[in-house]
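Fold and contact review
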Amino acid sequence: HHDLKVHEQLLQQLWKLQESYGHYFLGTAQAWLDGMQAAVRTRDEQVKSMEEDWQRHRRNTELYATQGGNVRRTSGIMTGEPPEATMTNGSSR
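Computed from a predicted model, the values in this text were never measured in an experiment.

1. Brief notes about the overall build of the chain
The number of helices and strands found in the chain is three helices and zero strands. Secondary structure of the chain in N-to-C order comes out as α-α-α. In the chain, buried positions account for 3% of the 93 residues. A total of about 8,700 Å² of accessible surface is found on the chain, and carbon and sulfur atoms cover 60% of it.

Right under this line is the structure:
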């Protein structure tokens, strides 16, 4: 009778251990998943910004190409002013 009681207690302890371990592993797996999702999200953002940079670069290249590499006309773009403003400044002085 005594042995049976000890046996039951041992089983209960084992169940408790299994439960706590289960929660521990679940938590770890969840944390890992969250980490993976965060990593994927940041990578997506990096890729998106890279693509945007590339698009901007391509647009600039096309702009220069359509203007035929005319240095005087592209100088406005270089300084960040619209070309018309630079021309009116030149004529008013």
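2. Some words on the packing of aromatic side chains
Applying the stated criterion to the full structure yields two aromatic pairs. Three or more aromatic residues link up through ring pairs in this structure, and these residues are Tyr21, Tyr24 and Phe25.

Conventions we followed
Residues numbered from 1 in each chain as written. Predicted model: local features only at pLDDT ≥ 70, side-chain atom pairs only at ≥ 80, totals over all residues. Heavy atoms only, no water. Helix = DSSP H or I, 4+ residues; strand = E, 2+ residues; numbered from the N terminus. Buried < 20%, exposed > 50% of the residue type's maximum accessible area, 1.4 Å probe, protein only. Areas by Shrake-Rupley, 256 points an atom, 1.4 Å probe, with all protein chains shown as cover. Phe/Tyr/Trp six-rings, centres within 6.5 Å; stacked < 30°, edge-to-face > 60°.

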